[in-house]
Structures are given as structure tokens and as C-alpha cells.
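# Examination of the molecular architecture
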Amino acid sequence: MSRKENRLPIRKQTAWISARGWKGAALTATAALLLSGCGQSAGAGAGTGPEAGQTGASETWETKDAASGASRQDVIVVMGPTSEPEAGFDPAYGWGAGEHVHEPLIQSTLTVTTPELTIDYDLATDMNVSEDGLTWTVDIRNDVKFTDGEPLTAADVAFTYNTLRDTSSVNDFTMLEEAEAVDEDTVVFHMERPYGIWPYTMAAAGIIPEHAYGPDYGSNPIGSGRYMLKQWDRGQQVILEANPDYYGEAPKMKQVTILFMEEDAAFAAVLSGQADLAYTAAAYSDQEIGGYHLLACRTVDNRGFNLPAVPAQAGAVPVGNDVTADLSLRRAINLAIDREGMIDHVLNGYGSPAYSVCDGMPWYNEEAQVGYDPAKAVQLLEEAGWMPGADGIREKDGLRASFHLMYPAGDSVRQALAAETANQLREIGIEAVIEGVGWDTAYDRAQSEPLMWGWGAHTPMELYNIYHTAPGSGLAGYSPYANPAVDAYMDQALAESDLEASYELWKLAQWDGETGVTQDGDIPWIWLVNIDHLYWSRDGLAVAEQKIHPHGHGWSIVNNVDQWSWE
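Presented here is an overview of the structure given in this document. What you see is a predicted model, and the numbers here were worked out from it, not measured in a lab.

A few words on the packing of aromatic side chains. For the structure shown, the criterion picks out 26 aromatic pairs. Aromatic side chains Tyr 161 and Phe 173 sit 6.3 Å apart centroid to centroid with 75° between the ring planes, which places their arrangement in the edge-to-face category. Of this pair, Tyr 161 sits in helix H3 (residues 154-167) while Phe 173 sits in the loop between H3 and strand S7 (176-183); the two residues are twelve residues apart in sequence, bridging distant segments of the chain. A residue is classified by how much of its surface remains accessible, and Phe 173, at 5% relative accessible area, is buried. Consider the rings of Tyr 246 and Tyr 247, whose centres lie 4.5 Å apart with planes at 45°: the pair is tilted. Taking relative accessible area as the criterion, Tyr 246 reaches 9% and is therefore assigned buried. Here Tyr 247 falls in the buried class, since its relative accessible area comes to 11%. One aromatic cluster is present, formed by Trp 439, Tyr 443, Trp 453, Trp 455, Tyr 478, Trp 525 and Trp 527 through successive ring pairs.

Okay, here's the thing in C-alpha cells:
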């Protein structure tokens, strides 16, 4: 059964496409260098690419009809420089996983996520979990080979997971005691603790070959996925070539070239016709480029800020905030946010309102949604004793309704969202003083001051990491907050062996009718917008249906590049 045939029926996802106008730009030196071709740089996989002095981008555009796409089976995609995997294509060091989860392409995975973000199979053919949640048994296909011709067996799967457990600095594998191959096509995962969402971890862990794994694996990866690494010029490009022995449906795109460019250079590459698809930002969305249209992909790439929910406590790292510890003030803030206005003013209309960290996911509780109601916000504040002071900023018992709202310095979108938040809150008498900060101090300062964050993942663990109390402290890790009932629901969800049933427990953690993290509950975080991921796409390029993208404007777009085609 092919990878595509293996999947459950899916519904159509939304991808908004629109064309706007362009005012003109110049091809930068960076873009010119990358697109004119240069020698293979140090660190590229030896013997895996064209002869020295050639690049995939240059070779492709000399031999293909770039303008019309006629007969083409290749595509050139531009991503930002941070999308280049520093440690190479090794799952143990973040390839396919981490903050920006995506399908590893070069390696196969046991499971995959569907467009609805439920679980389906890739290498796996069946799985079951013991009643106590401590043993997962997974049967795998017996017709899969690595690109060096060696068969992929359960021993490789067990080796992969034990390696990830011991060495991964990106993903959490502390729940895994040991992976054991009990025969050629059966692997058993012995867990340290119940972890009901293990299938989502399996969807992000690429399988590596035990016989061919070593220190240079990241630069010369051997896998069993849809593509092989043909060439990697560090700091410039990656060229992937279709795996001719792939066990699933043969990729339509035989070659995928990924160029790594800064935003202005990416735009210039589109202007000069040297890219088929390139990432862009909302600031460019009112432009027009002949032969291209704007592709907007729905995301759970959200922006929001924490509100420390406990009173101020002195210490080496200050914790809590007397202003934001007031529940009525937190609820008023959530009502006073005009999310649609933020989307229009900051994102040029390319985004969706965010009400949780998991909008649109199977575990999202729609009770999180709240309307824009500044009048109700004022009512809540005044009923709680927050009255206007001489300068219009509210006060209560001598305490001003004022706090710092930090954003990561250099992030123009988060800066604009922070400024828009401050403007909106001033309308109801709350002062937010915005400040750009570095990540070296932001984490500690967020324990006592709000910070504009970016989140969004294809796993319920995002809820857990944000809201569950951390061991030892009695408070959540990223912002001080605690609710035993919320913790209990999430603990039950992880212990639940039925994945579908666990979704309902994650929903109850958000709101159970009496308590939770939503508007009528504790509301310790304010969620603003989900940012559309925007791309300039060449006319005639049929980009396959996209899953809701997670946090990070990068590799997610090519999750299904094997299914893209030219029309």
C-alpha cells in the first residue's frame, strides 16, 4: 500500500490565494550570488551532488523551461536562513522536529499526521497500547529499504528511538524507557510513564539506519523517505532528489532545490523569475509580480502574551505581578482585544483571530472563543474596583493598572502587535509600556512581566508545556500560573490509551464549565492572532493541499512537495 493510499479520507483545507501589486525592487548581491551558481562549499555531502562548480539552481534553470513550467518535474523553493538545519539532516539533532516540526522527507516516520491533524500510518501498519499506557507495540512494513539497499527493520526503529532518547537536545524523550525490536517487523516501546500522545512523537521522528549512523550522518544522511540528499552547499542551498526505490507513491517532483535567503533577497529572486515559490511577509502582500500569485496558508502559528497570574514575589528571579494577578483585569484585557483590527493593521489582513494556543486542532475547545467587547471590559474593571486616575490610567488601592509588555528585539511583527495591544488597552484605562528585549533575559523577566510569544505545534503537549505546573516549583514554566484541576485533566489525557478520548480531556483542561484557562476561567495568557504563512507562487505550480502550518515559516510548506505538480 502506498503512502498516499495508506491515509484516511481527508477534507479540503483552506488556502487563500490572492494577487496584489508590486512597486519594484532590485536583485540584491546575495540573491545574485546564490542564483548565478558557486562552488560546493565546505561541509556539503561529498560525492552526493553535481561536479564541483555547479549548483542545482543554476543547472535546473539552464535545462528547464522556467517560464512556462512545461514538462518540468523540479521546483525551486526559497526559505529563510534560519530554516537551514545547522546540524544537518539528523533527527537526533532536530531535523524534522523541535520548535518547527515538519516531515523529515529524507527519512520515513512510523506515523504521519493527516490534514485534520489526526494520526495515520507511514512505516507502521498497526499499533496498540497496553491498558496501563506503559507499552506500545508497533508493527512495521517489511518492504522498505534504505537508499544504500539495506532493509529497514524493527532493529533500526529501536536504534533510532534509543539514540533520540540518549542524545536529542531538541525533543523530549524522557518518557521513553527503551525501544526493543522483538522481531524483524515489530518494535515495542517501554515507557517510563504513560504518554497517550506518543503517536504525535512518532510522526516527527525520522528513522535512521543502525548500520550507517555516525558523526557525519547529518551531512550524508541515508534514509528511506521520499527524497535523498543530492547536494548541500552550506549557507546557500539544499538539493533533494526523488528516491527511486521509495516504497510509496513515486514523487511527482523529481528534484527539489531549497535556497536559503534573507527576506529581501527572496523577494528579488521572485522578481527575477529565479524561484518557483518563495516565503514572504505581510508587508509585501500589497505588491504584484507578473507570473506569480500570493499563496496564504492557514496556521496555528500564534502570537500572544502571558499575564503572570500570581502576586509579586521577590527572589533571584522575581516571580508574579500584582497588577496582572488580578483575575478581573486579565478577563477585561481579553475582551478589550480587537483581533480583527490587529489582523488588518499589522498583518495586512493575512491571519486569523487566536483564542488559544491550539486553534483548529482536534483538541481545541471552542469555548475559548471570545468576542471583542470593550464595554464589558470596562464594566469588569469597575466592578473589581479599578477606577480611572488623573491621567486616565485606572487605579485600585493605590496600584496603577500598568505593566511592561516585552517583545523580542528585532521582531517587527511582535513589536507591532505589542504596540497595537498597548493602544487598545489604553482605551479602557490600562497602560502597557512596550519594550524590546533579548532572549537572554526575556525568559526570566517573563516570570514577572508579560512577553509577546510565538507558539503553535501539531501536538497537545503545547498546552501542557504552557499551562501545567512544573516539577518542584508548583507553577507553570513559562509564566507563573497553577490550577490543580487543569493539571489533572492533562495528566489524565496523557494516561488515556485511546487517542480520540484524550482529545476530550485536553478540551476539558481548557474549560470544563467551571474552571480552566479560557475567558470564564483563569485566562493566564492572551492569544491575539494566528499568522498566515505567505508565499509567492509561480503561476502553473500546483501546490498540494496544506495542513495547518505550525509555528515557523519554513519546511512545513514542503511536507507534501512530492505531490506538487506543474499544470
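Moving on from the coordinates now.
On to the pattern of salt bridges, then. Tallying each qualifying case throughout the model produces 20 salt bridges. Glu 431 is paired through a salt bridge with Arg 426; the nearest N and O atoms lie 3.5 Å apart. Residue classification places Arg 426 among the partly exposed positions, given a relative accessible area of 45%. The network of salt bridges with common partners includes Arg 72, Asp 74, Asp 276 and Arg 538.

What follows concerns the sheet that holds strand S18 (residues 399-400). Strand order in the open sheet formed by three strands is S16-S17-S18, and the pairing between neighbours is antiparallel. The open sheet has two edge strands with one neighbour each: strand S16 (387-388) and S18. In terms of strand pairing, S16 meets strand S17 (residues 394-396) through two bridges, oriented antiparallel. Bridge pairing links Pro 388 to Arg 394 in S17.

Adjacent strands of a sheet form backbone hydrogen bonds with each other and so pair up, either parallel or antiparallel. Across the sheet, four strands lie side by side as S5-S6-S8-S7; this open sheet has antiparallel pairing. Because the sheet does not close on itself, it has two edges, and the strands there are strand S5 (124-129) and S7. Across the sheet, the axes of successive neighbouring strands diverge by a mean angle of 20°, strand direction being ignored. Direction of pairing for strand S6 (residues 135-140) relative to strand S8 (residues 186-191): antiparallel, over a ladder of five bridges.

Analysis parameters
Residues numbered from 1 in each chain as written. Predicted model: local features only at pLDDT ≥ 70, side-chain atom pairs only at ≥ 80, totals over all residues. Heavy atoms only, no water. Phe/Tyr/Trp six-rings, centres within 6.5 Å; stacked < 30°, edge-to-face > 60°. Helix = DSSP H or I, 4+ residues; strand = E, 2+ residues; numbered from the N terminus. Buried < 20%, exposed > 50% of the residue type's maximum accessible area, 1.4 Å probe, protein only. Salt bridge = Lys/Arg side-chain N within 4 Å of Asp/Glu carboxyl O. Pairing = 2+ DSSP bridges. Axes fitted to C-alpha atoms, helices over the stretch in contact; angles between N-to-C directions.

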